[in-house]
Amino acid sequence: MTALYLERYLNFGLTSAELRSAKPIIGIAQTGSDLSPCNRHHLELAKRVREGIFAAGGIAFEFPCHPIQETGKRPTAALDRNLAYLSLVEVLYGYPLDGVVLMTGCDKTTPACLMAAATVNIPAVVLSGGPMLNGWWKGERAGSGTVVWKAREELAAGRIDSREFLEIAAASAPSIGHCNTMGTASTMNALAEALGMSLPGCAAIPAPYRERGQIAYETGVRAVEIVEEDLKPSDILTRKAFENAIVANSAIGGSTNAPIHINAIARHVGVKLSIDDWEKIGYDVPLLVNMQPAGKYLGEEYYRAGGLPAVMNELLKAKRIHADALTVNGKTVGQNIRGASSSDSDVIKPYNAPMKKHAGFKVLKGNLFDSAIMKTSVISDEFRERYLSNPKDKNAFEGRAVVFEGPEDYHHRIDDPSLKIDENTLLFMRGAGPIGYPGSAEVVNMQPPAALIKKGITALPCIGDGRQSGTSGSPSILNASPEAAGNGGLALLKTGDRVRIDLRKGSADILISKAELSRRKAALLENGGYHYPASQTPWQDIQRGIVDQLDEGMVLKPAVKYQRVAQKSVPRDNH
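Cut-offs applied
- Within each chain, residue numbers correspond to sequence positions counted from 1 in written order.
- With pLDDT at 70 or above as the cut-off, local features in this predicted model cover only qualifying residues; side-chain atom pairs require 80 or more to be listed or tallied, and sums for whole chains, interfaces and linings still use all residues.
- Heavy atoms from the whole structure form the basis of all side-chain values; hydrogens and water molecules are not counted.
- By the criteria applied, helices consist of DSSP H or I runs no shorter than four residues and strands consist of E runs no shorter than two, each listed in order from the N terminus.
- Only C-alpha atoms enter the radius of gyration, while the globule expectation follows 2.2 Å times N to the 0.38, with N the number of residues.
- The buried label goes to any residue with under 20% of its type's maximum accessible area, the exposed label to any with over 50%, and the partly exposed label to all in between, with areas taken from a 1.4 Å probe on protein chains only.
- The criterion used for residue contact is that any of the two residues' heavy atoms lie within 4.5 Å.
- Exposure was quantified through the Shrake-Rupley algorithm and a 1.4 Å probe, taking into account, for residues, occlusion by the shown protein chains and nothing else.
- We treat Lys and Arg as the positive residues and Asp and Glu as the negative residues; His and chain ends play no part in the count.
- Taken as the charge centre is NZ of Lys, CZ of Arg, CG of Asp or CD of Glu, depending on the residue.
- Joining through side-chain atoms within 4.5 Å is the link that ties buried Ala, Val, Leu, Ile, Met, Phe, Trp, Tyr and Cys residues into a set, and such a set is a nonpolar core.
- By this rule, a helix spans an expected 1.5 Å times one less than how many residues it contains.
- Both site types are read off a 1 Å grid over the protein atoms alone. A 1.4 Å probe that fits but cannot get out defines a cavity, while an open set with protein on both sides within 12 Å along at least five of seven lines defines a pocket; lining residues have an atom within 4 Å of a point.
- Grid points are joined across faces, edges and corners, and a volume is the space filled by probe spheres set on the points.
- Charged residues are taken to be Asp, Glu, Lys and Arg, nonpolar residues to be Ala, Val, Leu, Ile, Met, Phe, Trp, Tyr, Cys and Pro, and polar residues to be all remaining types, Gly included.

1. Re the overall build of the protein chain
In step 1: If you tally the helices and strands in the protein chain, you get 22 helices and 14 strands.
In step 2: A compact globule built from 575 residues would reach a C-alpha radius of gyration of about 25 Å, and the protein chain, at 24 Å, matches this within 12%.
In step 3: A principal-axis box enclosing the C-alpha atoms of the protein chain has dimensions of 75 × 55 × 50 Å.
In step 4: The buried share of the protein chain, reckoned over its 575 residues, is 60%.
In step 5: Across the protein chain, contacts joining residues at least 24 apart in sequence account for 76% of those joining residues at least 6 apart.
In step 6: For the protein chain, the exposed surface amounts to about 22,600 Å²; the carbon and sulfur share of it is 52%.
In step 7: Between the mean site of the 65 positive side-chain charges and the mean site of the 62 negative ones, the protein chain shows a separation of 3 Å.

This is how it looks when you write it as structure tokens:
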């Protein structure tokens with residue numbers, strides 16, 4: 001068997017002596033490709049990782065991961081997160097790897113890699129790809145994604161044409177790297193660092209900066225060391241680490257996709273974490289980072305101001321994080337961030353002078369769903385004044401529902417005058433969850449009809465069982481679980497119903513009687529449940545049959561029982 005296993009690995013120049021020397025063999029999980037432009041520069045960064053591995057006495061084996069590109073994959077990149085996870089689990093378990101460098105960047109690559117590392121539980125370290133340089137359009141910062149939502153308003157209002165719309169969108173992507181806003185990519189890479197799974201300061205370094213290549217080398221070195229120390233993901237991904245990540249997410253104004261992915265990682269490593277924890281632990285954490293979409297600046301300013309270490313040190317001084325949580329460099333969070341500070345208080349605020357005092361997620365429940373979340377850090381003054389400032393009913397609002405059956409229906413009908421959409425209308429998107437879409441689409445942040453935008457009404461309350469891009473500044477109520485396709489409360493809603501949202505009570509309800517709700521439920525089930533489009537590929541069909549809801553991390557239900565597999569068994573021989 002030794003001869004067979006060694007044979008083909010010699011055919012590109014490795015020697016038998018090397019492979020039998022007991023040097024650690026370190027995998028480089030490569031998420032960069034031509035199909036993944038946000039991660040493509042990893043093809044070059046991997047060279048520096050290799051050099052670090054070699055310098056520390058290891059042997060590098062680079063391999064491709066299933067490509068995931070948020071802007072390129074239809075129907076949604078979220079469909080591929082679990083597919084990439086499954087593939088990487090098989091590689092990390094079935095091939096002769098002692099440790100792995102997880103090269104992450106675009107949204108779903110980070111959780112996919114961390115989920116797999118958590119399942120197999122071999123020594124692993126995350127190397128983020130880093131954000132793009134700042135985008136600019138006519139002297140203003142053009143942030144990835146965020147500028148697109150603004151340009152959509154301008155297009156609807158007739159102030160720009162489709163050619164300029166495209167030029168504005170392209171202006172936000174001036175270099176290699178992932179989104180330069182605090183979208184899901186920047187969020188998830190920041191949270192990989194907050195969890196302790198990447199070297200301190202790694203997440204915020206812009207992709208083209210020399211420091212990105214330098215930390216790639218250092219990550220390669222450390223990958224060998226963690227194998228020698230037998231430092232595994234299960235040693236780092238503790239309850240304290242996940243609580244630190246929740247607090248950090250609020251402070252940076254992180255994406256509404258974070259709870260889905262962080263809860264998934266927790267389930268795969270065996271740490272109990274619920275959607276309610278995001279409000280309990282993170283709601284009253286202040287917003288410290290002035291970065292789009294919740295603020296003004298982009299990735300370069302954030303990095304120069306101190307990045308995540310500066311934010312975490314503010315949280316440490318306020319006793320909001322666990323200083324004793326272990327990280328991948330062998331030191332604790334407290335040891336890593338003491339002495340870090342913000343060099344620009346307009347970009348990274350002091351804890352006692354934040355942008356907003358409460359920046360976490362509100363978790364809402366009611367007869368519409370068992371849970372959904374609302375990102376409070378992006379509630380604009382206009383939105384708060386219109387919907388949350390009634391002195392007789394503060395932080396609550398009611399309105400008439402208009403329901404769309406997926407994004408195609410929304411785009412087809414949003415400007416239909418017969419819907420009578422006005423400033424008191426609540427827009428609902430259903431059929432956009434893990435089962436219904438499938439994969440859960442980023443479509444809940446719906447813009448108002450063009451007629452309202454021309455009147456200056458740029459945002460209506462949006463509610464749905466899908467997601468929204470982390471680059472969106474919309475205070476939507478989203479990630480509703482169970483989804484309509486799971487016959488949740490959203491499936492019972494009808495256009496014209498009155499709906500009440502109460503942020504004080506954390507409630508979201510259709511204002512109908514329990515008897516009427518029961519009648520609708522019975523009629524729905526008698527009709528075969530909520531109808532959604534048929535699967536288009538084998539994987540869509542497979543995932544739909546075993547996927548969990550967004551509040552539970554959208555994991556594959558049978559997969560979560562497989563934990564620490566590298567410690568439980570050795571793969572059977574192949575011949």
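2. Some remarks on the nonpolar core
In step 1: Counting 108 residues, the largest nonpolar core has Leu102, Phe242, Tyr302 and Val311 as its most contacted members.
In step 2: Per-element tally for this core: the top contributor is helix H11 (residues 239-252), with eight residues.
In step 3: Excluding its chain neighbours within four sequence positions, the residues that come into contact with Tyr302 are Met182, Ala204, Ile252, Val289, Met291, Gly307, Leu308, Val311, Val347 and Ile348.
In step 4: With 56 residues, the next largest nonpolar core counts Ala372, Met429, Leu460 and Ala491 among its residues.

3. Concerning helix H4 (residues 78-94)
Working note: α-helix, 3.6 residues per turn, so residues spaced by three or four point in the same direction.
In step 1: An ideal rise of 1.5 Å per residue puts 24 Å on 17 residues; H4 measures up with 25 Å between its terminal C-alpha atoms.
In step 2: Those residues of H4 not exposed but buried are Ala78, Leu79, Asp80, Arg81, Asn82, Ala84, Tyr85, Leu88, Val89, Val91 and Leu92.
In step 3: Those residues of H4 hidden inside the fold are in contact with strand E1 (25-30), strand E2 (59-64), strand E3 (99-104), helix H5 (109-120), helix H12 (258-269) and helix H21 (538-546).

4. What about empty space enclosed by the protein?
Over the atoms rolls a probe the size of a water molecule, and its path tells where empty space is left.
In step 1: Under the defined criterion, the tally for this structure stands at four cavities of 30 Å³ or more.
In step 2: The volume enclosed by the largest cavity comes to roughly 120 Å³.
In step 3: As for the largest cavity, its lining consists of Glu193, Ala194, Gly196, Ser198, Pro200, Leu308, Pro309, Met312, Thr327, Val333, Asn336 and Ile337.
In step 4: Listing elements by their share of the lining of the largest cavity, those giving two or more residues are helix H8 (184-194), helix H15 (307-317) and helix H16 (333-337).
In step 5: Looking at the lining of the largest cavity residue by residue, the class counts come to seven nonpolar, four polar and one charged.
In step 6: Taken together, Pro131, His178, Ser186, Ala190, Ala203, Ala204, Met291, Gly299 and Tyr302 make up the full set of residues lining the second largest cavity.

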